[in-house]
Amino acid sequence: MARNRTAPEDYSRPLRRLLVWLAVLVLFALFILWRIDSPRVERFRAALIDAVVPNFDWAMKPVTMVAGMVDDFQSYTRIYEQNQELKRELQQMKAWKEAALQLEQKNARLLDLNKVRLDPKLTHVTGVVMADSGSPFRQSVLLNVGARDGIRDGWATMDGIGLVGRISGVGERTSRVILVTDSNSRIPVTIQPSGQKALLSGDNSPLPPLEFIEDSDEVRPGDRVVTSGDGGVFPAGLLVGQVALGTDKRLRVVLAADYQRLEFLRVLRSHDLQPITDPGSLVAPPATAPTPDTSTAAAEAAAGAQPAPAESGSVEEVGSGAAEGPAEPEAGDG
């Protein structure tokens, strides 16, 4: 006869079921324990957490180490990418430096050949943009240079490429710059190459419009816009931008300055223009004697002017008669 043998599965299956039911009961008990709202149960929960959770640091330590390694690797990857980007920018800056040095030498040679004398008063002061107005109805920024640096109201500011605005309000250490896009900004400009004069009026939009153009038919999109110097507010020839046709069919200006990255601004020192009080000090052209006109018309005009002595003679005759008039009464009296 075959002997009955009990397989291991006959013992493991009931054991697994028992363990599962015990786990369910423990979880259910914990759920009920955490749902009971009682001071005693709250103290019991606190004591249970204090007793169990600190002992699980060894279990969480590998997870913490893995998380730290992942963070360090990501940080290393970012640092490596930034390092590569800085290397590329450094190479570009070296190329730009060489180009700038060559242009500076070329400019110096040209100035020497043309005997150009630069005005020493046209210098600039560089300031850092501290803050902007933060208002859609006022376009202005704040610089960290002021009266102690010699800043005055009305001076033009540039970002190194194009005109940004003008100084409007100077403190001891700070000054405010009203941008070209501000609604209070009005700048006389010249449109090249046509030479048309216009007024650049800010309207709180990135593309300020051109107004009071002499002849708009001579202006084309892409024309260069520079300051005209009219009014003596801005120096002439400062780059403003290019002409563009807006969506409203108005001629507007795409500004050359990068208003999204205003970090440093140059404040141009403008020397005061001396008013002319003595017209005699002006250099006038030398006076020349008029040349005689020998044409036929001049001869006829001279011939027509000959009866003039007769008129004078008649005047003398009338005058002599008037002088003799009083003599008759004197004879009658005698």
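Q: Help me understand the overall build of the chain in this model?
A: Secondary structure assignment for the chain yields six helices and 12 strands. With 334 residues in all, the chain has 20% of them scored as buried. Carbon and sulfur atoms form 59% of the exposed surface of the chain, whose accessible area is close to 25,400 Å².

Q: Mind showing me how you'd approach the nonpolar core here?
A: Nonpolar side chains tend to gather and get buried jointly when the protein is soluble and globular. Leu163, Val189, Leu200, Leu210 and Val240 are the most contacted members of the largest nonpolar core, which totals 20 residues. Those elements that provide at least two residues to this core are strand S3 (156-158), strand S6 (186-192), strand S7 (196-201), strand S10 (239-245) and strand S11 (251-255). With near-sequence residues (within four places) excluded, Leu210 lies in contact with Val189, Ile191, Ala198, Leu199, Leu200, Val243, Leu251, Arg252 and Val253.

Q: What exactly am I supposed to notice about the pairing of strand S1 (residues 124-132) here?
A: Regular strands place their side chains on alternate faces of the sheet. As paired elements, S1 and strand S12 (residues 264-268) share five bridges and run antiparallel to each other. Paired with His124 across the two strands is Leu268, which belongs to S12.

Q: Could you clarify how one ought to interpret the side chain of Ser175 in this entry?
A: Here Ser175 lies in strand S5 (residues 175-179). For Ser175, the residues in contact, after removing those within four places along its chain, are Val141, Leu142, Leu143, Val145, Ile151, Ile167, Gly169 and Val170.

Q: It is not clear to me how unusual backbone geometry should be interpreted in this structure. Could you clarify?
A: Among all residues save glycine, negative phi is the norm, and among peptide bonds the norm is trans. For the bond running from Gln192 to Pro193, omega is 10°, close enough to zero to count as cis. Of note, Pro193 is situated in the loop between S6 and S7. A positive phi angle, near 55°, is found at Phe212, a position not held by glycine. In this structure, Phe212 sits in the loop between strand S8 (210-211) and strand S9 (224-227). For Phe212, a relative accessible area of 67% corresponds to the exposed category. Even without being a glycine, Lys249 presents a positive backbone phi close to 65°.

Q: Looking at this structure, I do not really get the pairing of S10. What am I missing?
A: Taken together, the three bridges between S9 and S10 define a ladder with antiparallel strand orientation. Bridge pairing links Val225 to Gly241 in S10. Relative to S11, S10 runs antiparallel, the two being bridged by five bridges. Paired with Leu245 across the bridge in S11 is Leu251. Turn length for the S10-S11 hairpin, with the two strands adjacent in sequence and antiparallel, is five residues, and the turn residue Lys249 shows positive phi of about 65°.

Q: Help me understand the confidence of the model for the chain in this model?
A: Fine structural detail should not be taken from predicted coordinates in areas where pLDDT scores are low. In the predicted model, the chain carries a mean pLDDT of 76, and 71% of its residues have values of at least 70. Across residues 308-334, confidence stays below pLDDT 50; counting only partners more than four residues off in sequence or on other chains, it has zero contacts.

Q: Just to check I follow, could you spell out a nonpolar patch on the surface for this structure?
A: On the surface, Leu15, Leu18, Leu19, Leu22 and Leu25 cluster together into a nonpolar patch covering about 490 Å² of accessible area. Its place among the elements puts Leu25 in helix H1 (residues 9-35).

Q: Quick question: what am I supposed to make of the pattern of salt bridges here?
A: Opposite charge on two side chains allows them to pair when their charged atoms are near. Per the stated rule, a full pass over the model turns up five salt bridges. Between Asp149 and Arg148 there is a salt bridge; the shortest N-O distance is 3.9 Å. The partner of Asp230 in a salt bridge is Lys197, with the nearest N and O atoms 3.7 Å apart. Pair noted here: Asp230 is in the loop between S9 and S10 and Lys197 is in strand S7, with a separation of 33 residues, a long-range link. For Asp230, a relative accessible area of 38% puts it in the partly exposed group. Within the structure, one salt-bridge network assembled from shared partners comprises Asp203, Asp248 and Arg252.

Thresholds, definitions, all that
- Residues numbered from 1 in each chain as written.
- Predicted model: local features only at pLDDT ≥ 70, side-chain atom pairs only at ≥ 80, totals over all residues.
- Heavy atoms only, no water.
- Helix = DSSP H or I, 4+ residues; strand = E, 2+ residues; numbered from the N terminus.
- Buried < 20%, exposed > 50% of the residue type's maximum accessible area, 1.4 Å probe, protein only.
- Areas by Shrake-Rupley, 256 points an atom, 1.4 Å probe, with all protein chains shown as cover.
- Core = buried A, V, L, I, M, F, W, Y, C linked by side-chain atoms within 4.5 Å.
- Contact = heavy atoms within 4.5 Å.
- Pairing = 2+ DSSP bridges.
- pLDDT = per-residue confidence, 0-100.
- Patch = residues over 30% accessible without salt bridge, like charges linked within 9 Å, V, L, I, M, F, W, Y side chains within 5 Å.
- Salt bridge = Lys/Arg side-chain N within 4 Å of Asp/Glu carboxyl O.

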